[in-house]
Amino acid sequence: MTEKQDLLHLLNEVKVDMLGDKAHPFSLRQLCYYCNPRVNRKRYTDFEIPKKSGGKRRISAPVNGLKSILSCLNIIFQAMYEPSENAMGFAVGKSVVDNAKIHVGKNYVFNTDLKDFFPSIHQARVWKRLQLPPFNFNQNIANVMAGLCFMKVSSPEGDKYVLPQGAPTSPIITNMICDKLDRRLNGLANRFGLTYTRYADDITFSSMHNVYQEDGEFIKELRRIIEDQNFTINDSKTRLQRKGSRQEVTGLTVCAAPNVTKQYVHNIRSLLAIWEHHGYDIAYRRFLPRYIGEKGHVKKGLPNLDSVLAGKLLYLKMVKGADNPLYAKLQCRFDNLIGTMNGEMTSDTELRFLYTMGAKEFDFTHSKGKLEKIQDGFCYIENGARIPFKISKQLSQDDLNNDNIQISYCDNGKSRFYLVHKPFLQKQPKDDSRNDELNKKLTALCDSGFDLNIL
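What you see is a predicted model; the values in this text were computed from it and never measured.

Enquirer: Looking at this structure, I do not really get the sheet that holds strand S3 (residues 108-113). What am I missing?
Expert: Two orientations exist for strands paired in a sheet by backbone hydrogen bonds: parallel and antiparallel. The four strands are arranged S6-S7-S3-S8 in an open sheet whose pairing can be described as antiparallel. The sheet terminates laterally at strand S6 (195-199) and strand S8 (239-242), the two strands that pair on one side only. When the angles between neighbouring strand axes are averaged without regard to direction, this sheet yields 20 degrees. Note that S6 and strand S7 (residues 202-207) share five bridges and pair antiparallel.

Shown next, in the form of structure tokens:
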């Protein structure tokens, strides 16, 4: 490739491979519009999410048009480039389990973190990297690609062009830039008889002997190499874990074998036990507030308990293996519950109350979705799913803007939907024995065409 038109042709070929007949080709005008971060500031949407360690993490997500281009460009990068053997994150066929396995059974596990990892990578650095093997692009093509992948930010020192955390291409670009860092840190590890891996910005060394003294030669050389590569060690996340204590690597314990924490298994068991003894509705009501508290800032909308449990069990299977007795037992309990639920959910099933929230709570937990008018009413679109949105006939246009209205997430045996209504419950029922009464009220309400007089 030598010109923009060549890159445009390849991007459109990739898009056809991805979408088939549904693919609408990118235009040269579209490519030129998005490839210049100097003049186009509306390419990214910024928002912040809380960090587990405190503070805020800034996420910059590309607008849909640019995201589509970057998704195709990311496939091109993946076809041309293979990360170093020390890179465990954002690498095809590698996972947190592979990262943890390498450090199992060591006397010492040393973890550190690179501060402001994504914003530390600037456009000029990637522009030059794209002109080197295995890419070997000319300056023109490298300039277009780097322009697509970076965003302009203002700082006291002036404007900078940094790697956005949230773009499809950003993960693989970090590995491309860290090739030299990995090579030098692996050489450092070999020199001191250590094992080294990197999962994104999370750096791990392990060994049977201790070379990790703060004023020791290893730490001094580690800092020098990292700073020489224009990165900074995050001292608040640097720790040395000794054998006999709980040693963790990327969220997994590595004392005897890669394993999840006891709390992870406890959470699965607790939800399964509540579901088995009290039913799905009560288990969902117990699960949802905690889920919103922990994940509400990242994942908008209301989840399905069965989907969340299925995901947790898949992760447990990946870590412990399909033949593990603990995984097999928990999976069997889950399968039995799903089978029972599917057997009970028929077209004649009464309407089931899952969760009721006020308008403000709904706005917070669903800020990434949107309400859309359809032929027979409304639907709510979140995470690509279209969820029916039923509105009581007793509500006027003014009522819909009232913060006092309530929205119930319901299940009628065939599907789940949102029901908007005037308050008929001031609070979530604390006494689970009231569930049957509440479900009957909701069923009667729907059968009556949302006539609130029956309540």
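Enquirer: How should the environment of His277 be read in this particular structure?
Expert: Looking at where His277 falls in the secondary structure, it is placed in helix H10 (residues 262-278). Given the relative accessible area of 64%, His277 is considered exposed.

Enquirer: What exactly am I supposed to notice about the packing of aromatic side chains here?
Expert: The geometry of two aromatic rings is summed up by the distance between their centres and the angle between their planes. Going through the model one piece at a time under the given rule, you end up with 23 aromatic pairs. On the basis of an interplanar angle of 25 degrees and a centroid distance of 6.0 Å, the ring pair of Tyr280 and Tyr284 is categorised as stacked. Here Tyr280 and its partner Tyr284 are both found in helix H11 (residues 280-295), four residues apart, which amounts to about one turn of the helix. Summarising the burial analysis for this pair, Tyr280 and Tyr284 share the class buried. Members of the aromatic cluster, connected to one another through ring pairs, are Trp275, Tyr280, Tyr284, Phe287, Tyr291, Phe334, Tyr380, Phe389, Tyr409 and Tyr418. Over the ring of Phe26 we find Lys15; its NZ or CZ atom is 4.1 Å from the centre of that ring. We note Lys390 situated over the ring of Phe417; from NZ or CZ to the ring centre the distance is 5.1 Å.

Enquirer: What's the story with the side chain of Ser170 in this structure? I'm lost.
Expert: Take Ser170: it is sitting in helix H7 (residues 170-177). A polar contact is formed between the side chain of Ser170 and the backbone oxygen of Pro164, at a distance of 2.5 Å.

Enquirer: I tried to follow the confidence of the model for the protein chain on my own but got confused; where do I start?
Expert: Do not read the predicted coordinates in detail wherever pLDDT is low. In this model, the protein chain carries a mean pLDDT of 85, and residues with pLDDT of at least 70 account for 83%. Predicted confidence for residues 425-434 stays below pLDDT 50, and this span has 13 contacts to residues more than four positions away or in other chains.

Procedures and definitions
Residues numbered from 1 in each chain as written. Predicted model: local features only at pLDDT ≥ 70, side-chain atom pairs only at ≥ 80, totals over all residues. Heavy atoms only, no water. Pairing = 2+ DSSP bridges. Helix = DSSP H or I, 4+ residues; strand = E, 2+ residues; numbered from the N terminus. Axes fitted to C-alpha atoms, helices over the stretch in contact; angles between N-to-C directions. Buried < 20%, exposed > 50% of the residue type's maximum accessible area, 1.4 Å probe, protein only. Phe/Tyr/Trp six-rings, centres within 6.5 Å; stacked < 30°, edge-to-face > 60°. Lys NZ or Arg CZ within 6 Å of the ring centre and 35° of its normal. Polar contact = N/O pair within 3.5 Å; in protein donor to acceptor, adjacent residues only side chain to side chain. pLDDT = per-residue confidence, 0-100. Contact = heavy atoms within 4.5 Å.

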